[in-house]
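So the chains spell out like this:
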Amino acid sequence: MSSAIHGQLMLMGPWIELAFRFIMYVFCGFSMEIIFALKGIELCVGVPIPRRVPGKYLEGFVSLYMIPIHGFGMLFGFEALHFVIQHWAWPVRYLIWAVTITSAEAIGGYLYLKVLGFYSWDYYRLSPYKIFRSGLTLWPLLPLWGVVGLGLEVYSDLLRYLSPHVSNYFLK
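These remarks concern the structure in this document.

Conventions we followed
Residues numbered from 1 in each chain as written. Predicted model: local features only at pLDDT ≥ 70, side-chain atom pairs only at ≥ 80, totals over all residues. Heavy atoms only, no water. Helix = DSSP H or I, 4+ residues; strand = E, 2+ residues; numbered from the N terminus. Contact = heavy atoms within 4.5 Å. Core = buried A, V, L, I, M, F, W, Y, C linked by side-chain atoms within 4.5 Å. Buried < 20%, exposed > 50% of the residue type's maximum accessible area, 1.4 Å probe, protein only. Polar contact = N/O pair within 3.5 Å; in protein donor to acceptor, adjacent residues only side chain to side chain. Phe/Tyr/Trp six-rings, centres within 6.5 Å; stacked < 30°, edge-to-face > 60°. Axes fitted to C-alpha atoms, helices over the stretch in contact; angles between N-to-C directions. Parallel < 35°, antiparallel > 145°, perpendicular 65-115°, else oblique. Left-handed = near helix turned anticlockwise from the far one by under 90°. Nonpolar A, V, L, I, M, F, W, Y, C, P; charged D, E, K, R; others polar. Expected span 1.5 Å × (residues − 1). Salt bridge = Lys/Arg side-chain N within 4 Å of Asp/Glu carboxyl O.

Time to look at the overall build of the protein chain. Helices and strands together make up the secondary structure of the protein chain, namely five helices and zero strands. Order of helices (α) and strands (β) in the protein chain, N terminus to C terminus: α-α-α-α-α. In terms of its C-alpha atoms, the protein chain occupies a principal-axis envelope of roughly 65 × 40 × 35 Å. In the protein chain, the share of contacts with a sequence separation of at least 24, taken over all contacts with a separation of at least 6, comes to 68%.

Next up on the list: the nonpolar core. Counting 34 residues, the largest nonpolar core has V45, W121, Y123 and Y124 as its most contacted members. For this core, the secondary structure elements donating two or more residues are α1 (3-38), α2 (40-45), α3 (67-85), α4 (90-116) and α5 (141-170). The biggest single contributor to this core is α1, with seven residues. Residues contacting Y124, with those up to four places away along its chain left out, are I41, V45, E105, K130, G135, L136, T137, L138 and L141.

Positionally, E79 belongs in helix α3. Within the structure, E79 has its side chain in polar contact with the side chain of R21 (distance 2.7 Å). For E79, the residues in contact, after removing those within four places along its chain, are R21, Y25, M74, S156 and R160.

Looking now at the packing of aromatic side chains. Each aromatic ring pair is described using two quantities: the centre-to-centre distance and the angle formed by the ring planes. All chains considered together, the criterion is met by 10 aromatic pairs. Here F72 and F76 contribute two aromatic rings whose centre-to-centre distance is 6.2 Å and whose plane-to-plane angle is 15°, an arrangement assigned as stacked. Separated by four residues within a single helix, F72 and F76 lie in helix α3, roughly one turn from each other. On the numbers, 5.4 Å between centres and 65° between planes, the contact of Y119 with W121 is edge-to-face. You'll find Y119 and W121 in the same group, each marked buried. Aromatic ring contacts, followed pair by pair, group F22, F72 and F76 into a single cluster.

Attention now moves to the packing of α4 against α5. Packed helices, taken two at a time, are described by the angle their axes make and the gap between the axes. Here α4 crosses α5 at 115°, and the two axes come no closer than 7 Å. By the angle between their axes, α4 is roughly perpendicular relative to α5. The handedness of the crossing between α4 and α5 comes out as right-handed. Touching W90, R93, Y94, W97, A98, I101, T102 and E105 of α4 are L141, L142, P143, W145, G146, V147, G149, L150 and E153, all from α5. Residue composition of the contact of α4 with α5, grouped by class: 11 nonpolar, three polar and three charged.

The next point concerns α3. Between the first and last C-alpha of α3 there are 25 Å, a value that for 19 residues agrees with the 27 Å anticipated at 1.5 Å per step. Residues of α3 that are buried: H70, G71, M74, L75, F78, E79, H82 and I85.

The subject of this paragraph is the pattern of salt bridges. Enumeration according to the criterion identifies six salt bridges in this entry. The residue E59 makes a salt bridge to R52 at a minimum N-O spacing of 2.8 Å. Take R52: its relative accessible area is 74%, and that puts it in the exposed class. It is possible to trace a salt-bridge network through shared partners that takes in R21, E79 and R160.

Another point: the environment of S134. Structurally, the position occupied by S134 is in the loop between α4 and α5. Apart from the residues lying within four places of it in its own chain, the contact partners of S134 are Y119 and R125.

This part covers the side chain of H82. Turning to its location among the elements, H82 is positioned in helix α3. Under the relative-accessibility criterion, H82 is labelled buried at 5%. Apart from residues no more than four positions distant in its own chain, H82 is found in contact with W97, E153, S156 and D157.

Here it is, written out as structure tokens:
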């Protein structure tokens, strides 16, 4: 391989790392949403959510509109904040993640509502525990987002460790 081609391929490395982490964040987000949608969401909403099929089929649900939230939100929001607070005490990080992720959910929902006319978790409107009148997020989710944030720290660290290895694999 000529040095010019090798140099061009090496420039692809950071993009491959970002693409890998983007895909893995979307996969993780979709997986968490589908699993949580089985029963957890009804506990948080406080009312039954209309389903297409009987509960015995364990139908979860997720929207493709969540791809930018999971991918870009984690890459450019979560990773950046995690870098700043990673050495802080875990109770402080827990509180930061609870407030930050809840705020991100509300802001993302508001933007989707203004741009698309809806947001994919609009079934929150049914809940007596909604934080905003339109149900952009829920009070019971606040502590759960803190736990999710602490768990995602470990997942994010793993992906950042694996990213160069994935890039090197594709650039061989």
